[in-house]
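# Overview (structure and organization)
Residues per chain are reported as follows:
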Amino acid sequence: METADDAAVPIGGPTATRKDLQLGRRLIHLANGVTVASAYAVLFTHQQVVHLFGTIACLVYILDRVRIHYPEVARRVPLLNRLFFRAEEQFKESAMTPYAIAILLTILTFPKPVALIAIYTLAIADPLAALVGISWGRHQIAPHRTVEGTLAFFLATLAVSLVVLLFGTDAPHATVVGASFLLALAATSFEMVPLRLDDNLTIPLFVGFAGWIVCTVVGVPLV
């Protein structure tokens, strides 16, 4: 017998929640961010990457609008819905829209080393924290936050900051270590705040501003 809750879930629609691992979704999240940041680091100028990713962000937004307003098309690919979308995204924008917008704003706004740290943090630290928290998290410290996941986020952000600042600036190693630690601590503290905004948007923008401030204060050259 069909219940009211069963009838509310469209056949073929997404059913996952934030508590589900959705490994495919998180791997795509990681691959997209790492690809953009790495291309920006070694292949493209600032103007080129703005034009390229600006085009990609527009396409992501348009395709997401099509998915929302033509659900009968999306329901024809239930595997795609199950792997990459959540139930809460059935009738609203998916996380990929703020993700694309945030990366574009990060590239436009911040000096290159800081922008790279912000994008790599979003691409690596965010999904890693979710993976560790869902799979091995046992000690909750905030809604949807565990000690294990938070520690993974901190270590990933610290590693990203160290690598980018060591290879992307001329700052002394001791200065880089200090800046990286402060930035990772600030980003981790912010990540634990239960905001209602999508963290795909807030994390890179906060890390960008925090990284800019930290590097300026401790003397890491960003030009």
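In what follows, the structure referred to is the one given above.
To keep things clear, this report deals only with the structure shown in the data block.

Rules used in this analysis
Residues numbered from 1 in each chain as written. Predicted model: local features only at pLDDT ≥ 70, side-chain atom pairs only at ≥ 80, totals over all residues. Heavy atoms only, no water. Helix = DSSP H or I, 4+ residues; strand = E, 2+ residues; numbered from the N terminus. Buried < 20%, exposed > 50% of the residue type's maximum accessible area, 1.4 Å probe, protein only. Contact = heavy atoms within 4.5 Å. Areas by Shrake-Rupley, 256 points an atom, 1.4 Å probe, with all protein chains shown as cover. Phe/Tyr/Trp six-rings, centres within 6.5 Å; stacked < 30°, edge-to-face > 60°. Axes fitted to C-alpha atoms, helices over the stretch in contact; angles between N-to-C directions. Left-handed = near helix turned anticlockwise from the far one by under 90°. Nonpolar A, V, L, I, M, F, W, Y, C, P; charged D, E, K, R; others polar. Patch = residues over 30% accessible without salt bridge, like charges linked within 9 Å, V, L, I, M, F, W, Y side chains within 5 Å. Salt bridge = Lys/Arg side-chain N within 4 Å of Asp/Glu carboxyl O. Parallel < 35°, antiparallel > 145°, perpendicular 65-115°, else oblique. Core = buried A, V, L, I, M, F, W, Y, C linked by side-chain atoms within 4.5 Å.

### A word on the overall build of the protein chain
For the protein chain, the count of helices and strands is ten helices and two strands. Beginning at the N terminus, the succession of helices and strands in the protein chain can be written as α-α-α-α-α-α-α-β-β-α-α-α. Expressed as a percentage of its 223 residues, the buried residues of the protein chain come to 43%. Sequence-distant contacts, at least 24 apart, represent 75% of the contacts inside the protein chain between residues at least 6 apart. Summed over its atoms, the accessible surface of the protein chain is roughly 12100 Å², and 70% of this surface lies on carbon and sulfur atoms.

### Looking at the packing of aromatic side chains
Here the structure, examined in full by the defined rule, presents four aromatic pairs. Aromatic side chains Phe110 and Trp212 sit 5.9 Å apart centroid to centroid with 85° between the ring planes, which places their arrangement in the edge-to-face category. In this pair, Phe110 is assigned in the loop between helix 6 (96-109) and helix 7 (112-136) and Trp212 in helix 10 (residues 199-218), connecting sequence segments 102 residues apart. Judged by its relative accessible area of 35%, Trp212 is partly exposed. Here the aromatic rings of Phe190 and Phe206 are separated by 4.1 Å at their centres, their planes lie at 5°, and the arrangement is stacked. Remark: Phe206 occurs in helix 10 and Phe190 occurs in helix 9 (residues 173-191); sequence separation between them is 16 residues. We classify Phe206 as partly exposed; its relative accessible area is 26%.

### Side note on the packing of helix 9 against helix 10
Interaxial distance between helix 9 and helix 10 falls to 9 Å at its minimum, and their mutual angle equals 145°. With respect to the hand of their crossing, helix 9 and helix 10 are arranged in right-handed fashion. Between helix 9 and helix 10, the contacting residues are Thr175, Ala179, Leu182, Leu183, Ala186, Ala187, Phe190 and Glu191 on the first element and Thr202, Ile203, Phe206, Val207, Ala210, Gly211, Val214 and Val218 on the second. Residues belonging to the contact of helix 9 with helix 10 are distributed by class as follows: twelve nonpolar, three polar and one charged.

### Points about a nonpolar patch on the surface
A contiguous nonpolar surface patch, about 540 Å² in accessible area, is contributed by Phe181, Leu182, Leu185, Ile213, Val217 and Val218. Sorting the residues of the nonpolar patch by element identifies helix 9 and helix 10 as the ones contributing at least two each. Looking at the secondary structure, you find Leu182 in helix 9. For Leu182, a relative accessible area of 42% puts it in the partly exposed group.

### Looking at the packing of helix 7 against helix 10
Relative orientation of the contacting elements helix 7 and helix 10 amounts to 140°, with a least axis distance of 8 Å. On the basis of their axis angle, the class for helix 7 and helix 10 is oblique. Crossing handedness for the pair helix 7 and helix 10: right-handed. Between helix 7 and helix 10, the residues in contact are Val114, Ile117, Ala118, Thr121, Leu122 and Asp126 and Asp199, Asn200, Ile203, Pro204, Val207, Gly208, Gly211 and Trp212, respectively.

### Topic: the pattern of salt bridges
Per the stated rule, a full pass over the model turns up two salt bridges. Of the charged contacts in the structure, one is a salt bridge between Arg67 and Asp64, with a shortest N-O distance of 2.9 Å. In this pair, Arg67 and Asp64 are both assigned in helix 3 (residues 46-69), three residues apart and thus about one turn of the helix distant. By the burial criterion, Arg67 is buried, and Asp64 matches it. Put simply, Arg145 and Glu191 hold a salt bridge, and the shortest N to O gap is 3.3 Å.

### Here we look at the nonpolar core
Core analysis: the biggest nonpolar cluster contains 41 residues, and Ile103, Ile107, Ile117, Leu165, Val207 and Val220 have the highest contact counts within it. Contributing elements (two or more residues each) for this core: helix 2 (23-42), helix 3, helix 6, helix 7, helix 8 (147-168), helix 9 and helix 10. Considering every element that reaches this core, the biggest residue donor is helix 7, with eleven residues. Here Ile103 is in contact with Val36, Phe53, Ile119 and Leu122, once residues within four sequence places are set aside.

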